[in-house]
Amino acid sequence: MNSMVTTGKEKLVVEVVAAHNLMPKDGEGSSSPFVEVEFENQRHRTQVKRKDLNPIWNEKLVFHIKDVADLPYRTIEVNVFNERRSSNSRNFLGQVRVSGSSIAKEGEEAPQMYTLDKRSLFSHIRGEITLKLYVSTREKVKEVGIANGMMISGSASVSSSGFSKKRKMQQQNPALVVQQQQLVQENKPTLQSQNHAKPVQPNPGELKPVVITTGPGPAVGGVAGGGAGVAGGGGVSLFSNGSNEFSLKETSPHLGGGPSNKDKTSSTYDLVEQMQYLYVRVAKARDISFFGGGEIVAEVKLGNYRGVTKRVGSNHVDWNQVFAFSKDCIQSSMVEIFVKDGNKDDFLGRVWFDLNEVPRRVPPDSQLASQWYRMEDKKGDKSKGEVMLSIWFGTQADEAFAEAWHSKAANVHFDGLCSINSKVYLSPKLWYLRVSVIEAQDVVLGEKGSTLMRYPELSAKVQVGNQVSRTRISAASPNRSLSNPFWNEDFLFVVAEPFEDYLLVSLEDRVGPGRDEIVGRLLLPVTVIERRTDDKQFVSRWFNLDNHFGNSAETKLVTRFGSRIHLRVSLDGGYHVLDEATMYSSDVRPTAKQLWKPHIGVLEMGILGATGLMPVKIKEGKGGTSDTYCVAKYGQKWVRTRTVLDSLSPKWNEQYTWEVFDPCTVITIGVFDNCRTDKNIITNAGARDSRIGKVRIRLSTLQSDRVYSHSYPLLMLHTSGVKKMGELHLAVRFSCVNMGNMLHMYTLPLLPKMHYIQPLSVNQLESLRYQAMNVVASRLSRAEPPLGREVVEYMLDHDSHMWSMRRSKANFFRLMSVISGVVAMSRWVESMRNWTKPVYSSLFVATFLLLVALPEFIIPAMLLYMATMGLWRYRFRPRNPSHMDTRLSHAESVYPDELDEEFDSFPTSRSADVVRMRYDRLRSVAGRIQTVVGDMATQGERFQALLSWRDPRATFLFVIFCLFAAVGFYAVPVKVVVALWGLYALRPPRFRSKLPSRALSFFRRLPTKADSLL
């Protein structure tokens, strides 16, 4: 909690704002909820909201505070109940326990959403509650009365009539709910500005109130003083309905320390909030009076936090370790450094510092020089021993931040310490290895006399690491002998620098079903293979095969014959090795560095934190919690933030930078739970970091040099449906070096030219992408700390090619939305033909005749129309980056069985009845697709039948018509023909028949091949 002056008049204010998606428990599909808050043996409750699963209270409950200094160690318990009027009892709807350390000062409060927790294992709970908690000196505790043994605040009874009136107005006009919420948010900063002579500066550690932007109007950020911003034009209340739960929210964080705290760190850390830390560097010690020759450790103690250095020998006392203590967690006015015997609790010397005298360091100033300090003994007298250390206050921009031991990692076991630090990883440079197996010569079979008994079935197996490919069995040829097989097949593999793999080519003879005998082998290091950057083919080479059968005498005999294989091998650097799907790839550069072009811009991202995360694990004494870290991937650079332990609202405030070579790329950010912090889990070989959510941002949708600070919903699809796991707060800026170069990039091919000169098939690209993902995952899992395979697979979308009924529906409706423009245009033309609005139809006919008379204006008019529409729609352009859309993904309306099918393994692990049901459903869908494809083929075959003479009378009529039409078009100008045809087609309905035209009737009578199908 922030430091504040104690006056004895402070009161704790718990403002119960609203709840969302509560569990119905009245037996009629609803609930009548009320909230009961308990703090230091004081208990107050709100009004009851009848038959409302999304109640809005906006009631303040005020409590006495015995000692403000003890408030960070207190807990506020919030319970939600359903009132049962029939039996005068209540049902439990959920609870929340809020730590006193998260309570804000007055003027800095912001609504915080909490997920309701269970009271026991068998509780059926769902929903969230939104609260504001702050300390106030102006609020007064209402008189408290006793009713049915329950303490009820007087404010509740006073406001009952007002709330009943509001409830009636809301029932008559539900839109008033949104308007009232906006008025509350707009008026609150005004009241605060009247009561304070100067504005209250926001706390840098707090994330500011958010604005949901759902309309085209510009969004206004939150103002200082904690008031929530209101979206101009399109803003809606945060609690108006449940659809806003998955919306993107604009935030106003205190980036770079704020306007009143600009320092040198703003140049490199201007996209994150400053976090203050106390750094203590313990370098070494000397002249220590120590007997026994044991080990010596240094201990840094600050309040309840304690950090211990590594053990060193008494003859060379050198630690050189840094300890970092978050300023928000400092609970003492002094820091102590002890030098101890590693096997005893008594200390050999002690140094202490008053925190008020500790200097503050601002990078890029040089690091504070360590000094020798004489230690005190147990009696407080100066001893002979000295310790070298330095102590200072700094931020996360300090160079010592990455290597420092953090105070919150005190409970992490030694094996898990390395997994909580922030790291930067680089993906290995991937190459395509192209192997062309042409032929073999003088192959000696392994079985004697086998050539007389049967025809050899020879094939070649090519293996690189765990990637294996086979040629077909060589076919018999009258021009070649049995010992000279011919294949001429190409294979592609993925290899990574530094090249550690070998190319293994095995010549195999199939001697029986499922039994292959190796008759020759070639082992070739990848490092000796030549590289190419264009489509020029290398000269093929003959390689000698090693034979591994028979005794030594036979080996010498075989060597004399010299079995050989003809190969063409090269490393293709002109391709971009895809390890991601092309639709959201983060890099499209070729592998060969000499083909790279200069970068066009810089992408900067500040990973601020997350709020409202769902608990992933349960720890003893702490309940549901999470140890979260963030991973961002763009190009070859992966970044991993430090792990924030035991927090559902972690704050990282780490900033990273990437060079951008193409604006039409995507950066991916994922949030995970670290399983390696628990010693019981790390011993399990199958331990995997849990997924929390993922965000994608396309760079081409960002304006240059603008800072986007938003809260992105972290959505996960489970077998039970889509679930919001929390919100991720990011600040993103894309800076362009040269606007001309970036605009020029839009005219260039997306992929390197080798993808178009020697294109790869879709199946090849998908197979090679899977191989590339395995190579990247295996390399990153060997780093320290390792980036788990489950993390890499989730970031690279390894399962995007799997069948999903939900994705198929989403893609179908995406296609329909694209075609809807053409459909709308055709309907508009049809309405013009029907003359429902004679004035518009007359103008349409006049415009048509004008364009026919002046055809040179057709294309300029179309281009001018599109330019005008583009300029008009500039006003309604998207103001915010795109995010995961549950409605577009059909995640909210999906059936449970379809989700279960999507999460099924491959091959399936479900029962035979379930698989049969899904197979029948798939057959019905495929039957409809089959019918549509058949109808399309039928129309195409009718066009072919016009000149095929399959129906001689129809073809005769069409040929005669073409002859007369040729003479007519030659004699009559084209403009006249088009004008007459247009007037005929646009004639009013009274001059038209309801029967189809003669041309359409003739076309439908043409024969097709459908009658020849079985």
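Residues numbered from 1 in each chain as written. Predicted model: local features only at pLDDT ≥ 70, side-chain atom pairs only at ≥ 80, totals over all residues. Heavy atoms only, no water.

**Quick look at helix α13 (residues 838–853)**
Here is step 1: In a regular helix each residue adds 1.5 Å, so 16 residues correspond to 22 Å; α13 covers 22 Å between its end C-alpha atoms and thus fits that length.
Here is step 2: Of the surrounding elements, those touching the buried residues of α13 are α12 (805–834) and α18 (974–985). (Helix = DSSP H or I, 4+ residues; strand = E, 2+ residues; numbered from the N terminus. Expected span 1.5 Å × (residues − 1). Contact = heavy atoms within 4.5 Å.)

**Description of the pairing of strand β3 (residues 42–45)**
Here is step 1: In this structure, strand β2 (residues 33–39) lies alongside β3, joined through four bridges in antiparallel fashion. Counted as the bridge partner of Glu36 is Arg45 from β3. (Pairing = 2+ DSSP bridges.)

**Remarks on unusual backbone geometry**
Here is step 1: Residue Pro498 is bonded to the preceding Glu497 through a cis peptide linkage, with omega at -10 degrees.
Here is step 2: With phi around 60 degrees, Asn488 is a residue other than glycine that occupies positive phi space.
Here is step 3: Look at His890: it is not a glycine, yet its phi comes out positive at around 55 degrees.
Here is step 4: One can find His890 in the loop between α14 (858–873) and α15 (896–902).

**Things to note about the sheet that holds strand β6 (residues 89–99)**
Hydrogen bonds between backbone groups are what pair the strands of a sheet, and the pairing can be parallel or antiparallel.
Here is step 1: With antiparallel pairing, four strands are arranged side by side in an open sheet as β3-β2-β5-β6. Edge positions in the sheet fall to β3 and β6, since each of these pairs with one other strand and no more. Strand after strand, the sheet turns through a mean of 20 degrees between neighbouring axes, direction not considered.
Here is step 2: Examined bridge by bridge, β2 and strand β5 (residues 75–84) share six bridges and lie antiparallel to one another. (Axes fitted to C-alpha atoms, helices over the stretch in contact; angles between N-to-C directions.)

**Digging into a nonpolar patch on the surface**
Here is step 1: Among the surface-exposed residues, Leu850, Leu851, Leu854, Phe857, Ile858, Ile859, Met862, Leu863, Tyr865 and Met866 lie close enough to one another that they form a single nonpolar patch of about 990 Å² accessible area.
Here is step 2: Of all elements in the fold, only α13 and α14 reach the threshold of two or more residues within the nonpolar patch.
Here is step 3: Looking at which element gives the most residues to the nonpolar patch, the answer is α14, with six residues.
Here is step 4: Mapped onto the elements of the fold, Leu851 is located in helix α13.
Here is step 5: Judged by relative accessible area, Leu851 falls into the partly exposed class, the value being 30%. (Patch = residues over 30% accessible without salt bridge, like charges linked within 9 Å, V, L, I, M, F, W, Y side chains within 5 Å. Areas by Shrake-Rupley, 256 points an atom, 1.4 Å probe, with all protein chains shown as cover. Salt bridge = Lys/Arg side-chain N within 4 Å of Asp/Glu carboxyl O. Buried < 20%, exposed > 50% of the residue type's maximum accessible area, 1.4 Å probe, protein only.)

**Some details on the confidence of the model for the chain**
Here is step 1: Here the chain averages 81 in pLDDT, while 83% of its residues score no lower than 70.
Here is step 2: Scored below 50 in pLDDT, residues 144–243 makes 158 contacts in the model with residues more than four places away or belonging to other chains.
Here is step 3: Note on residues 262–266: pLDDT is under 50 here. Beyond four places in sequence and across chains, it has 16 contacts. (pLDDT = per-residue confidence, 0-100.)

**Quick notes on the sheet that holds strand β27 (residues 467–470)**
Here is step 1: Ordered in space as β27-β26-β29-β30, the four strands form an open sheet in which the pairing is antiparallel. A strand with exactly one partner marks an edge of an open sheet, and here the two such strands are β27 and β30 (515–525). The sheet shows a mean angle of 20 degrees between the axes of neighbouring strands, taken without regard to direction.

**Overview of the pairing of strand β26 (residues 458–464)**
Here is step 1: With six of its seven residues buried, β26 lies for the most part within the structure.
Here is step 2: Where β26 lies against strand β29 (residues 502–512), seven bridges are found, and the strand directions are antiparallel. Its bridge partner lying in β29, Ala460 is registered against Leu507.
Here is step 3: Examined bridge by bridge, β26 and β27 share four bridges and lie antiparallel to one another.

**So, the packing of aromatic side chains**
Here is step 1: Going through the model one piece at a time under the given rule, you end up with 19 aromatic pairs.
Here is step 2: Between Phe39 and Phe63, the aromatic rings sit 6.2 Å apart at their centres with planes inclined by 75 degrees, giving edge-to-face as the arrangement. Placement of the pair is Phe39 in strand β2 and Phe63 in strand β4 (residues 56–64), with a sequence separation of 24 residues. Neither Phe39 nor Phe63 differs from the other in exposure class; each is buried.
Here is step 3: Taken together, the ring pairs in this structure connect Tyr277, Tyr279, Trp392 and Phe401 into an aromatic cluster.
Here is step 4: Above the plane of the ring of Phe393 lies Lys327, whose end atom (NZ or CZ) is 5.3 Å from the centre.
Here is step 5: When the ring centre of Phe661 is taken as origin, the NZ or CZ atom of Arg589, which lies over that ring, is 4.0 Å away. (Phe/Tyr/Trp six-rings, centres within 6.5 Å; stacked < 30°, edge-to-face > 60°. Lys NZ or Arg CZ within 6 Å of the ring centre and 35° of its normal.)

**Description of the packing of α12 against α13**
Here is step 1: Interhelical geometry of α12 versus α13 gives an angle of 105 degrees and a closest axis separation of 8 Å. Taken as axis vectors, α12 and α13 run roughly perpendicular relative to one another. Of the residues in α13, those touching α12 at Trp828, Ser831 and Met832 are Tyr840, Ser841 and Phe844. (Parallel < 35°, antiparallel > 145°, perpendicular 65-115°, else oblique.)

**Here we look at the packing of helix α10 (residues 762–780) against helix α11 (residues 789–796)**
Here is step 1: For the pair α10 and α11, interaxial distance at closest approach is 9 Å and the crossing angle is 140 degrees. Handedness of the α10/α11 crossing: right-handed. Of the residues in α11, those touching α10 at Arg769, Met773, Asn774, Val776, Ala777, Ser778 and Leu780 are Arg789, Val792, Glu793 and Leu796.
Here is step 2: When the residues that make up the contact of α10 with α11 are grouped by side-chain class, the tally is six nonpolar, two polar and three charged. (Left-handed = near helix turned anticlockwise from the far one by under 90°. Nonpolar A, V, L, I, M, F, W, Y, C, P; charged D, E, K, R; others polar.)

**Focus on the nonpolar core**
Here is step 1: Ranked by internal contacts, the top residues of the largest apolar core, which has 64 residues, are Trp638 and Ile697.
Here is step 2: Ranked by the residues each element gives to this core, the list is headed by α10, at seven residues.
Here is step 3: Val78, Val96, Leu116 and Leu131 belong to the second largest nonpolar core, which has 32 residues in total. (Core = buried A, V, L, I, M, F, W, Y, C linked by side-chain atoms within 4.5 Å.)

**Description of helix α16 (residues 912–945)**
Here is step 1: With 34 residues, α16 should reach 50 Å at 1.5 Å per residue; the first-to-last C-alpha distance of 47 Å fits that figure.
Here is step 2: Residues of α16 that are buried: Arg918, Arg921, Thr938, Glu941, Arg942 and Ala945.
Here is step 3: The inward-facing, buried residues of α16 abut α12, α15, α17 (952–971) and α19 (998–1004).

**Some points on the pattern of salt bridges**
Here is step 1: Under the definition given, this model contains 54 salt bridges.
Here is step 2: A salt bridge links Asp70 to Arg74, with the nearest nitrogen and oxygen atoms 3.9 Å apart.
Here is step 3: With relative accessibility at 28%, the residue Asp70 sits in the partly exposed group.
Here is step 4: Classification of Arg74 by relative accessible area gives partly exposed; the value is 32%.
Here is step 5: Three or more residues joined by partner-sharing salt bridges are found here, namely Asp897, Asp900, Glu901, Asp904, Arg910, Arg918 and Arg921.

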